[in-house]
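Here's the letter readout for the chains.
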Amino acid sequence: MTAQPTHLNLQVNGKPVVVQADPMRRLSDVLREDLGLRGSKVGCDAGDCGACTVLVDGAPVCSCLTPVVRAVGHSVETIEGLSPNGLSDLQNAFLRHGAAQCGICTPGMLMAATGLLAETPAPTRSQVEDALGGVLCRCTGYAKIIDAVLSVGHSGAAQALPASGQAVGARIERLDGLAKVNGAEVFGADHWPEGALVVRAIRSPHFAASFEFGDLAGWEAARAVQVFTARDLAALGGVNRFGVIPPFADQPALAETEARLRGEAVAIVVGTHKVMDAIDLSDFPITWTTLTPVMDPATAIGARAVQAERADNVLTRGRVVQGDAAAGLGAAAHVAEVTVETAYVEHAYIEPEAGCAWVEGDTLVIQACTQAPVMDQDDVAILLGLPRERVRIIPAAAGGGFGSKLDVSLQPLIGLAALLTGQPCRMVYSRAESMQSTTKRHPATMSAQIGVDAAGRITGMAFEGQFNTGAYASWGPTVANRVPVHASGPYLTPNYRAETVAIHTNGPVSGAFRGFGVPQAAVVQEVLYDDLAAALAMDRLAFRRLNALSDGDRSVCGQQLHGVGIDACLAALEPRWAQANADAAAFNAAGGALRRGVGLASCWYGCGNTALPNPSTVRLGITAQGRLCLHQGATDIGQGSNTVVTQICADALGLPIAQFELIGPDTALTPDCGKTSASRQTVVTGKAAMLSGQALRQQILALTNRGADADLTLDGGRIIVTDAAGAGEISLADLPLGAHGYVLMAEESYDPPTLPLDEDGQGAPYAVYGYGAHLAEVEVDMALGVVKVLHITAAHDLGRVINPQLAEGQIEGGIAQGLGMALMEEFIPGRTENLHDYLIPTAGDMPKITPILIEVPDPEGPMGAKGLGEHVLIPTAPAILNAIRDASGARVTRLPALPHRVLAAIQEAGQ
Amino acid sequence: MTDFFRPHQLSDALEIARTGGVTITAGCTDLFPATQAQALRGPVLDVTGIAGMRGITQSATGWRIGAATTWTDILRADLPGAFDGLRAAAREVGSVQIQNAGTIGGNLCNASPAADGVPALLTLDAEVELCSTAGTRRMALDTFLTGPRQTLLAPGELLTAVLLPPVAGTGGFLKLGARRYLVISIAMVAARLEIEAGHIRHAALAVGACSAVARRLPAQEAALTGAPVARAASRIDASVLQPDLSPITDIRADATYRAHSATVLMRRLVVGICQEAEA
Ligand SMILES: Cc1cc2nc3c(=O)[nH]c(=O)nc-3n(C[C@H](O)[C@H](O)[C@H](O)COP(=O)(O)OP(=O)(O)OC[C@H]3O[C@@H](n4cnc5c(N)ncnc54)[C@H](O)[C@@H]3O)c2cc1C
């Protein structure tokens, strides 16, 4: 019998280690905190995400569910032990296949797969799915992960990086991939100076409540902690209002007297790790007085004001009007109409918000998860009353973002703690805190009518959308404006009226989520297109092609469009469309409870801010020693901008990509590349990188007097420039030292040219648009309403494919999120604040995906390129819904299409 | 620091349990998700080291599954066809990680209405063995489970084993959830059929997640008994099956759907087992 073993002898990665720990502590916590093995990630502390998977005696377990004492006498393997000498075959396969995007699930995936391969060296696809089913990934859609595992043992050798001028278009591994597969990547929770204090937040358990603090001083003193509230923030001279759109900034970092959403922070508690680990926050001295929460946007207008300054609970309205929608509908041969309701959708990145702050000289340094370092810098400076230059943001590797990590979350809280304690302070949100307090996709109730003439041409469309924007503004205005611009879909729509309203409630704050409302609106339009094709007895693909925008057409905003690729995407689906319909018909002829169907949907999406400036600036320099440094300030949250931006720059400059050294992002080291959102980094930062590369090339050509098509060679301290007429040479050490320590440097900015929208939404909101179309094949269980998506063929016009592997990764990952939105994801405030009640797709839920990359060059985009990141999920849900209807007759208008809703719709259709 | 006990002898364990106030732990896959803390509060009695608590053994009186037997142990065990439902259930619990740690005893003592192990065990006429310093008692599993998160486990008592009489026939299990892995059942069904000469001689049927505790379906079993296998499907009838259920509406599904899907799943399961038996 054992009692209280405090010294625990463990065997970790083949080495004996002794820890002094509470025997019932989570193994994950001991690995990370006591042994410094931070490669194992904690995403939920509940076994739901599997990121913390380690092997105990070769068997995968969640280290967050394993008491450390249970590892005594057994061997523990973590990602750090996978590759004592270089990378394992499996890690290499992950790199080669692009299986890691953000990288937060990668350690868990690698360990689960290692466990499988040790027992089953040549697994089948379904064995791989079984083995990986316990690890959630939100970026990749699992396709490349499964391929990587299946390829172990027969995946080829690593490819050399392409030569000068051949980087764009090359299927190269991500340049920042190594740290993602060897466990070295530093996410928000992975770095803290020794002895950093721990910060935890006190949050509202109510949707709406006023509050008063009790004896804070007494409570603090008894526990050896410090408590900070909005008062402390005000004492610093801060303005306690943040927001991603400054004119709408309305959210306090710490609520002052009233909490307006469940999970809103009202105070922080700061103490040593030891104290904070044991502290019980349930007796924190606070008295809540609940208010009647405003939860239903349908009745919110006129209800109690969520924010006194917006008495009617209307945050903002959006509108685009062209021609006369009523007349267009009146003249139509057929009009279809529908009302669609969508749910709150949670970003569910596997990394909960985390970071650390410290003071260096007179600068507050914050290293935390983010998609928008410069916006964080601005918000933190305002909130904490600091001049902007005294805030430095170092983006930690972001373990997924998808829009939610654009808004500050813990940055001001850890900043406040660091300033007031003078010590480094760190914080990690629990999964519940993350799900309660950060932004969501807007739930929407949308109604529309679309009319066609007898020949099948769209004659008009009227759209109305009500978006539940939650307690604070966040990106509500962007959603309200983006939706009317895009609700026509990529189709020529002459008479058009689209109106939106963003309404405050005491629900979670709705913000940015991949597509800013457009995925919701696309459901409405694409469902109606199937209705109209049916009314016309026209083939659904032919109907869409007939109405697809063409080069030179004007959008509903009156903008003349160039480089329009939608018809090319639809055309690319033709072969599969014919085959899929034939396959489904053959399958259904056999009868039975399973029915197959095929559905289509399109997307278009403007890259960058809507009719607002959003410049990126890129610096490129060469040192006297011949280091070639690219200051790349776009945060790579997994989507690949570190790689893509470098590929573009390399070819613009004319040097091989292998010679580039990446710097940043870091607000102290990189110029502003704006936020990673709105599918803008390839287009906007990519173009700035292209311009910088070209400018530096010009300098080099001028110095050597060589022609435009000369070849450059950077060879240690010299650059050799060769053209038909001969060679010139620059000796770098002979050049005068310029700014930032470079002897040659270029810094260029690019801001996409747009025109403001007038009161009817007429103008030129975006400089570049991307297009796409999905074909979904599904199987519906007619007796249970269960939907299985079998195959999605996804054609996307990228203008110019910079990196096919990364593009496919975006497509597969976007489809996974679109599938989740279509079939299972529904965040219910107060009820689904974890990853077992809130369901996202697992490795077993994904269809086969066939990406088709189309290149219709954009005249404005860098080397013709368009954005892709958000486009990819827009068509998925409507294509699936249309396929469900094709299979079963069920017209599902409330998302997600859970089995009981699909069954009810099947029964309704049958009556 | 948590007081931690991991005895090897059952008698020692029962002595510790007798003092009361200890948290009994096995795989901790239900206990850890229930707290945000980094350590489980003690004192803790870990039952996984007790001799005889893990593993499956057969004797003349039937089968004994130690309470600390993991789902992985069960799905890898060499068991007769009557256990096919239990093994299928084991494969459906969470994920490989959860199956490697979670135990059958934990599943029963945690007593979730959606516990995937229960329906198959009910069709195997399972009993539980409960031990304390006062002695050992046995009771039928459906007596032991009294409600959501409620059992007849007395203070000071441990669940030591699940006991199964010698059982014949072929088992099966189907689970319905909104995704493939890591999913709490909307409904699940288990069946064990003894088929002879093209007729169902004995039917044991159970449904989970459609009532406070998983239930056997006596009326439906009676309706099926004696039926020729070709008629099995038509004997599964909502009006016979559903009165034994009392499903609720929650975020996963509504009550009507639950009852309906249990009926559909049961019909498919029974037909599947019959077809396999015929083949
Ligand atoms: C991500 C995840 C997914 C899951 N998926 C499923 C699923 O699909 N289906 C399903 O049914 N369950 C699921 N579970 C729940 C859980 O894994 C199972 O119920 C498991 O069998 C519990 O066993 P355990 O040994 O881990 O229990 P523990 O957590 O160790 O204990 C559970 C309870 O039982 C008590 N207990 C344990 N052993 C004994 C004993 N011998 N005597 C007396 N009391 C005891 C404990 O005190 C505690 O109250 C899931 C859990 C997680 C974390």
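Residues numbered from 1 in each chain as written. Chains lettered and ligands numbered in written order. Predicted model: local features only at pLDDT ≥ 70, side-chain atom pairs only at ≥ 80, totals over all residues.

Chemist: Can you walk me through the overall build of chain B in this structure?
Modeler: Of regular secondary structure, chain B possesses 11 helices and 14 strands. For a compact globule of 279 residues, the expected C-alpha radius of gyration is about 19 Å, and chain B comes in at 19 Å, within 12% of that figure. Within the span of chain B, comprising 279 residues, buried residues form 56% of the whole. Within chain B, counting contacts between residues at least 6 apart in sequence, those at least 24 apart form 64% of the total. (Helix = DSSP H or I, 4+ residues; strand = E, 2+ residues; numbered from the N terminus. Rg over C-alpha atoms; globule rule 2.2 N^0.38 Å. Buried ≥ 20, exposed ≤ 12 C-beta atoms within 10 Å, placed from the backbone. Contact = placed C-beta atoms within 7 Å.)

Chemist: Explain the interface of chain B and chain A here, please?
Modeler: If you look at the interface, chain B gives 40 residues, while chain A gives 52 residues. Sorting the residues of the side of chain B that touches chain A by element identifies strand S1 (4-5), helix H4 (96-101) and helix H11 (255-278) of chain B as the ones contributing at least two each. Residues that form the side of chain B that touches chain A fall into these classes: 24 nonpolar, 10 polar and six charged. (Nonpolar A, V, L, I, M, F, W, Y, C, P; charged D, E, K, R; others polar.)

Chemist: Teacher, can you tell me more about the site of the ligand here?
Modeler: Close to the ligand lie 35 residues; Gly47 of chain A together with Gly27, Gly94, Gly102 and Gly106 of chain B are nearest. Chains contributing residues to the immediate surroundings of the ligand are chains A and B. Only strand S2 (23-25), H4, helix H5 (104-110) and strand S10 (158-164) of chain B provide two or more residues apiece to the shell around the ligand. The biggest single contributor to the shell around the ligand is H5 of chain B, with five residues. (Near = placed C-beta within 6 Å.)

Chemist: Just to check I follow, could you spell out the sheet that holds strand S24 (residues 616-622) of chain A for this structure?
Modeler: Strand-to-strand pairing in sheets goes through backbone hydrogen bonds, with the strands running parallel or antiparallel. Residue and element names in this part refer to chain A. Taken in spatial order, the four strands line up as S26-S25-S24-S30 in an open sheet, and their pairing is mixed. The two strands at the open ends of the sheet, each matched to only one other strand, are strand S26 (660-663) and strand S30 (744-750). The sheet shows a mean angle of 20 degrees between the axes of neighbouring strands, direction not considered. On top of the sheet, helix H19 (residues 641-653) reaches S24, strand S25 (628-631) and S26; it is set at about 135 degrees to S26, its chief contact. Where helix H20 (residues 681-704) meets the sheet, it contacts S24 and S30, and its direction lies at approximately 145 degrees from that of S30. (Pairing = 2+ DSSP bridges. Axes fitted to C-alpha atoms, helices over the stretch in contact; angles between N-to-C directions.)

Chemist: I tried to follow the sheet that holds strand S14 (residues 215-216) of chain B on my own but got confused; where do I start?
Modeler: Residues and elements named next belong to chain B. If you walk across this open sheet you meet the four strands as S11-S12-S13-S14, and the pairing is antiparallel. Only two strands of the sheet have a single partner each, and these edge strands are strand S11 (170-176) and S14. With seven bridges joining them, S11 and strand S12 (residues 187-196) adopt antiparallel strand pairing. Paired with Gly171 across the bridge in S12 is Arg192. Packed on one face of the sheet, helix H3 (residues 84-92) meets S11 and S12 and runs near 30 degrees to S11.

Chemist: Just checking my understanding: could you explain the confidence of the model for chain B for this structure?
Modeler: Caution applies to low-pLDDT parts of the model: their predicted coordinates are not meant to be read in detail. Looking at chain B as a whole, its pLDDT mean stands at 97, while 100% of the residues score no less than 70. Reported confidences for the modelled complex are a pTM of 0.98 and an ipTM of 0.98. (pLDDT = per-residue confidence, 0-100.)

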